[in-house]
Amino acid sequence: MEAVEQINLIGLKDEKPQPAQKIWKHKHILDLDDFTSEEIDLVMQTTEAMHEILSRPIKKVPTLRGKTVVTLFYEASTRTRSSFELAAKNLSADISNLTVSSSSVTKGESLIDTLETMEALGADIVVMRHPYSGAPNLASKHVKASIINAGDGWHAHPTQALLDMYTMLKHKNSIKNLKVTIIGDIIHSRVAHSNIWSLTKMGADVTICGPSTLLPKGMDNPQPYFPKVNVTTDIDKAIKDADVVMGLRLQLERQQSGLLPSIREYSRLYQITEERLSKADKGVIVMHPGPVNEDVEIASTVAHGDKSVINEQVTNGVAVRMALFYLLAGGSRNE
Amino acid sequence: MNKSMLIKNGRILDPAQDLAITGDLLITDGKIKEIAPDVKNIPADCTTLDAKGMVVCPGFVDFHCHLRQPGFEEKETIATGSKAAAKGGFTTICCMPNTEPALDNKATIDFIKATSASEACIRVLPIGCITKGRKGLELADMGELAETGVVALSDDGSTIADSRIMKQALEYSLIFGLPISDHCEDAMLSNGGQINEGIIATRLGLRGIPNAAEENVIARDIALAKLTGARIHICHISTEGSVELIRNAKKDGVRITAEVTPHHLTMDEEMVLDYDTNAKVNPPLRTKKDIAALISGLKDGTIDIIATDHAPHTENDKLCEFAVAPFGISGFETALGSLMKLVHNGDIEIHLLLSKLTVVPSKIIGSKFGKLGTLNQGATADITIFDPDVEWTVDTKEFYSKGKNTPLNGHKLKGKVMATIFNGKIVYKDNSVKLGV
Amino acid sequence: MAKKVIMTEADIKRTIARISHEIVERNKSTKNIILVGMRTRGVPLAKRLASNIESFEEMKIPVGILDFSLYRDDISSQDIPLVIKSTDIPSSVDGKVIVLVDDVLYTGRSARAALDAIIDLGRPLSIQLAVLVDRGHRELPIRADYVGKNIPSSKDEEIEVRLTETDEMDEVAIIPKPGREG
Ligand SMILES: [Zn+2]
């Protein structure tokens, strides 16, 4: 009986088989600025299917058998890399990892040479993390493989933004008109940038908040180059009635470069605390891309509290990345 | 070599003498002999060039370019750079001293002069360093440089950060009457910036260079020029604020001149949207508002000249992540085509454009190197002939410059150099131009 | 060649009723049965079978949804990945009789993918296959346990199954392959 009801919930009217290609146009995932809302929707739906696989005892399907995924990380990030790795393994892809020390970037070792080597090794999808903004864009112009940007400089982190959106959808009915507040070092945050693109495309009401030295430039009149969002330095105003509050990792070197007087002052002015959250919507969820500097950008009681969905974000990351692998593996042949 | 040449039926324009007629121009013995609606006394062995529908004007003078020799011959040489300049309609080019070694003494200047004499197809005039090794610490031997024959002094590529050194450089330059040409950039403020600070830098996640990084130093230089009474020349200005500062300084009687590049006049920051390293240039491409201010500065005389800042790099130099790519655009071969857009759009008159490319830069250089930038009778026959209306597509494969680094590859331009005559000799000719006898 | 209707609404209704009885007869009891609809049109068919069985048996029959897209063997050869949806089976498949339900049995590749998908979920007692139409041309050693109608067809033809839940009417027709006409 329950099952019957579940079928109804999914809605049989929407059940016509639909070629994803009609919606999906991407060979690479570099940023979300060029995603349509239909494409984001497709990723969300596909992620939901992948999420179900993750709840099974055997979390493995044969979909990408014979495909090779290579991770190329110019910055260490065990979390992100293992999320991609797990996603690839769950889809039965072959996976190999390449870590390049960030010093070889400054030595001017050619990114393109490295990518050509990977292609010779048969990479179908290259997952790339790089300290310089735009490096994945450069890569995409010079290799046949699909490039997935796993974070580049201050530019973009599309898979993180998609998993953030999926996590929001798990708790909220729809992104449209959702009040989302992102707090912290916005200007240097690729996570914030990609979230601003995806959330505004889906109709969310986005507010960014932080000290003025860490807010992006040109936001008074950003269109057509960047989405219009609310900008404020007042954290209480930013949190008021918010449905989602997202913290960002504060790089501690921002103090040395004179953007902040001290970490202590930052925490005092911009930490997401229980008290500040009490002004948000009752059902507010608290997010953070991790790793968290506890009691700097977010109070530890909040990070571990009942409003926090930070741990779910990690699981959802695997599902989103499986979905993207699936969509790219289908899409990339169709040029 | 023919001793005489007749350019027939051209639209002859010479801002130096306010000349605009349609007619013929006769060259004999490397000098301008006669300009008339219909030149009658034609020597027997005269070569003729039919310039119907074309503009005939003084050869362009570029006060700011980089020829990369010595030290970076893979990017450009005096031979390839001068050939590219000739193709762009330039007959006199002034090369910046940021070579390796830098042009900060007699030996290096002599090297440029000797190499130019044997390898350049046009006139190459060196600019010497302000400080030894361009380090901004000790003054270069300006007297020696002046005697050897530099047209100006500059540490282009960097600013002399120490205002005391800059003041002393200006004071000392008074002995020789040479302009100090300054690349104005407060490096502490630009702080490794890549592109214009603003929404596009936000979108691309690149560090921005604020306008104030340029304006800061211009304001300082104005104060120092006023204090010392020396000549200051401001390189490649890019912002509305810079135009305003210089406009006021001129009103104030400061001995200041300023230049703007074709790319800052015709391209805005949108050109970098796809992380195109070929549009990475310093100062960065700015906004449409800045461009409008630069055009108004050209019109009211605040900006004296247009200089290319031709900055060639190899393809490999630019084939990398945006943050590690060097700054610079290869500018000689697209300069006229880009600038003519301003004329076709009705932004500026063709006479004004030509004056900024001929007579005014010649005045800044002075008479030491001959009577340049004019078609006066008896002047050296440095002549550019261009078709103002022909449309063409930029193809960097056809560049004479080793530097293919331009964001204009594949773009359509309207206006093309058809022939360049240096010292009475044709040093560049488009394939479509036929000569007669 | 024009469209030819093979089964009308009444035919489909009768056929589903018959298969419902066959399932119960064959399995003696309905206690362990889960009807699993293969997306897309297997899902409403499974639901109809379940309500039929419920109408003459005492028990509720659980119905699940199976999306086997991730088990297809053609992701590398076919260029249209389908929009995938969740698999949703109301209880563990261990020790259960799983009746897979689909509209058309053709090459057998979908059924193969569905078998793999079910086996990844656990260890059922047995797996059976019910289809509304068997049109032949098998490429794998697979047969259906319950067949609504055998329709010999040519590879140049398509079998079009329409169901009210997805297509606003009940009908099975044989039509020429799109693009082969005129
Ligand atoms: Zn410069």
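Residues numbered from 1 in each chain as written. Chains lettered and ligands numbered in written order. Predicted model: local features only at pLDDT ≥ 70, side-chain atom pairs only at ≥ 80, totals over all residues. Heavy atoms only, no water.

Thoughts on the overall build of chain A
Let me state the cut-off plainly: Only DSSP runs of H or I covering at least 4 residues are called helices, and only runs of E covering at least 2 are called strands; the numbering of each starts at the N terminus. Summary of the burial criterion: residues with accessible area below 20% of their type's maximum are buried, those above 50% are exposed, and those between are partly exposed, where the area comes from a 1.4 Å probe applied to protein chains only. We call two residues in contact when some of their heavy atoms are within 4.5 Å.
The helix and strand inventory of chain A stands at 13 helices and nine strands. Burial statistics for chain A: of 335 residues in total, 61% are counted as buried. If you take every contact in chain A between residues at least 6 apart in sequence, the share linking residues at least 24 apart comes to 74%.

Concerning the interface of chain B and chain A
Convention followed: Buried area, as used here, totals the accessible surface that two parts lose on assembly, with accessibility defined by a 1.4 Å probe and the loss added over both. By convention in these notes, a salt bridge is any Lys or Arg side-chain nitrogen within 4 Å of a carboxyl oxygen on Asp or Glu. We call two N or O atoms a polar contact when they sit within 3.5 Å, provided that within protein one can donate a hydrogen and the other can accept it, with sequence-adjacent residues counted only if both atoms are side-chain atoms. Throughout, the ten residues Ala, Val, Leu, Ile, Met, Phe, Trp, Tyr, Cys and Pro are labelled nonpolar, Asp, Glu, Lys and Arg are labelled charged, and all others, Gly among them, are labelled polar.
Contacts between the two partners involve 20 residues from chain B, matched on the other side by 26 residues from chain A. Both faces combined, the contact of chain B with chain A buries some 1900 Å², and carbon together with sulfur accounts for 63% of it. The largest share of the area that chain B buries against chain A comes from Ile199(B), Arg203(B) and Glu321(B), three residues that together contribute 36% of it. At the surface where chain B touches chain A, the tally comes to two salt bridges. Its salt-bridge partner being Lys141(A), residue Asp274(B) comes within 3.3 Å of it at the nearest N-O pair. On the surface where chain B and chain A come into contact, there are eight residue pairs in polar contact (both at pLDDT 80 or more). The leading source of residues in the side of chain B that touches chain A is helix α6 (residues 199-204) of chain B, at five residues. Class assignment of the residues belonging to the side of chain B that touches chain A gives a composition of ten nonpolar, three polar and seven charged.

Concerning the packing of aromatic side chains
Residues and elements named next belong to chain B. Rules: Stacked, edge-to-face and tilted are the three classes for Phe, Tyr and Trp ring pairs, Trp counted by its six-membered ring, which pair at centre distances within 6.5 Å; planes under 30 degrees apart are stacked, over 60 edge-to-face, the rest tilted.
Summed over all chains, the structure comprises ten aromatic pairs over all chains. Taken together, a centroid distance of 6.2 Å and an interplanar angle of 75 degrees make the contact between Tyr400 and Tyr428 edge-to-face. Taken together, the residues Tyr400 in the loop between β16 (383-393) and β17 (412-422) and Tyr428 in strand β18 (residues 425-429) connect sequence positions 28 residues apart. On the basis of relative accessible area, Tyr400 is assigned to the partly exposed category, the value being 34%. Following the ring pairs from residue to residue traces out a cluster consisting of Phe60, Phe90, Phe332 and Phe386.

Here's the deal with the side chain of Ser242(B)
Along the chain, the position of Ser242(B) falls in helix α8 (residues 240-251). If we ignore the near neighbours within four places in the chain, the residues touching Ser242(B) are Glu214(B), Glu215(B), Ile218(B) and Ile237(B).

Re the pairing of strand β5 (residues 126-134) of chain C
Residue and element names in this part refer to chain C. Under the convention used in this document: Between any two strands, pairing holds if DSSP finds at least two bridges. When the strands point away from the viewer and the path from the first strand over the helix to the second turns clockwise, the crossover is right-handed.
With seven of nine residues buried, β5 lies mostly within the body of the structure. In the sheet, strand β4 (residues 97-105) pairs with β5 via eight bridges, with the strands oriented parallel. When the sheet's bridge partners are listed, Val97 is paired in β5 with Ser126. As a crossover connection, the stretch from β4 through helix α3 (residues 109-121) into β5 is right-handed. Of the pairings in the sheet, the one linking β5 to strand β6 (residues 146-150) comprises four bridges and is parallel in character.

Concerning α3(C)
As a reminder of what qualifies: In a helix, the anticipated span is given by 1.5 Å times the number of residues less one.
With 13 residues, α3(C) should cover 18 Å at 1.5 Å per step; its first-to-last C-alpha distance of 19 Å lies within 8% of that length. Those residues of α3(C) lying buried are Ala111(C), Arg112(C), Ala113(C), Ala114(C), Ala117(C), Ile118(C), Asp120(C) and Leu121(C). On the buried face of α3(C), the contacting elements are α2 (37-54) of chain A together with β2 (33-38), β3 (63-66), β4 and β5 of chain C. Following α3(C) by one or two positions, Gly122(C) adopts a phi angle in the positive range, close to 160 degrees.

So, the environment of Glu9(C)
As for its placement among the helices and strands, Glu9(C) is situated in helix α1 (residues 9-27). As for Glu9(C) and Arg162(C), which are separated by 153 residues in sequence, their C-alpha atoms are 9.6 Å apart.

Brief notes about the pairing of strand β5 (residues 55-58) of chain B
Residue and element names in this part refer to chain B. Alignment of strand β1 (residues 4-14) against β5, held across two bridges, turns out to be parallel. Paired with Ile12 across the strands is Val56, a residue of β5. By the bridge criterion, four bridges tie β5 to β16 in an arrangement that is antiparallel. Residue pairing for β16: Val56 is matched across the bridge by Ile385.

Remarks on the sheet that holds strand β3 (residues 125-130) of chain A
Residues and elements named next belong to chain A. Basically, it comes down to this: Axis lines are fitted through C-alpha atoms, for helices just across the contact stretch, and the angle between N-to-C directions can take any value from 0 to 180 degrees.
Read from one edge to the other, the open sheet built from four strands follows the order β2-β1-β3-β4, with strand pairing classed as parallel. Of all the strands in the sheet, the pair left with one neighbour each is β2 (94-99) and β4 (146-152). When strand polarity is set aside, the average angle formed by the axes of neighbouring strands in this sheet is 15 degrees.

Regarding the domain arrangement of chain A
All names here are of chain A. The criterion, for reference: Segmentation into domains, and thus their bounds, comes from an automatic or database assignment.
Entries for chain A in the domain assignment read domain 1 (2-157 + 315-330) and domain 2 (158-313). Put simply, the middle of domain 1 and the middle of domain 2, counted by C-alpha atoms, are 24 Å apart. Taken together, the contact pairs 35 residues of domain 1 with 28 residues of domain 2. Both sides together, the interface formed by domain 1 and domain 2 hides about 2600 Å², and carbon and sulfur atoms give 62% of it. Per-residue buried area on domain 1 facing domain 2 is highest for Leu32, Trp154 and His157; these three make up 28% of the total on that side. For the pair domain 1 and domain 2, the interface holds two salt bridges. The partner of Lys170 in a salt bridge is Glu48, and the shortest N-O contact between them spans 3.3 Å. Summed over the shared surface of domain 1 and domain 2, the number is 20 residue pairs in polar contact (both at pLDDT 80 or more). Looking at the side of domain 1 that touches domain 2, the elements with two or more residues in it are α2, α3 (78-90), β3, β4 and α13 (310-331).

Points about unusual backbone geometry
With omega at 10 degrees, the peptide bond leading from Gln223(A) into Pro224(A) counts as cis. Looking at where Pro224(A) falls in the secondary structure, it is placed in the loop between β6 (205-209) and β7 (230-232). The peptide bond linking Glu100(B) to Pro101(B) adopts the cis configuration, its omega dihedral lying at 0 degrees. Structurally, the position occupied by Pro101(B) is in the loop between β7 (90-95) and α2 (106-119).

Some thoughts on the nonpolar core
Heads up, the rule is: Each nonpolar core is a collection of buried residues, namely Ala, Val, Leu, Ile, Met, Phe, Trp, Tyr and Cys, held together in the definition by side-chain atoms within 4.5 Å.
The biggest cluster of nonpolar side chains holds 111 residues, and the ones touching the most others in it are Met50(A), Met168(A), Ile182(A) and Phe325(A). For this core, the element with the most residues is α13(A), which contributes eleven residues. If we skip the residues at most four places from it in the chain, Met168(A) touches Ile175(A), Leu178(A), Val180(A), Asn195(A), Leu199(A), Val244(A), Met246(A), Ile285(A) and Met287(A). With 73 residues, the next largest nonpolar core counts Phe60(B), Ile246(B), Ile350(B) and Leu354(B) among its residues.

What about the sheet that holds strand β6 (residues 60-65) of chain B?
Residue and element names in this part refer to chain B. The three strands are arranged β6-β7-β8 in an open sheet whose pairing can be described as parallel. For this open sheet the edge positions go to β6 and β8 (123-126), each flanked by a neighbour on one side alone. For this sheet, the mean inter-axis angle between neighbouring strands, taken without regard to orientation, is 20 degrees. Where β7 meets β8, four bridges bridge the pair, whose relative direction is parallel. The residue bridging Cys94 from the neighbouring strand is Leu125, located in β8.

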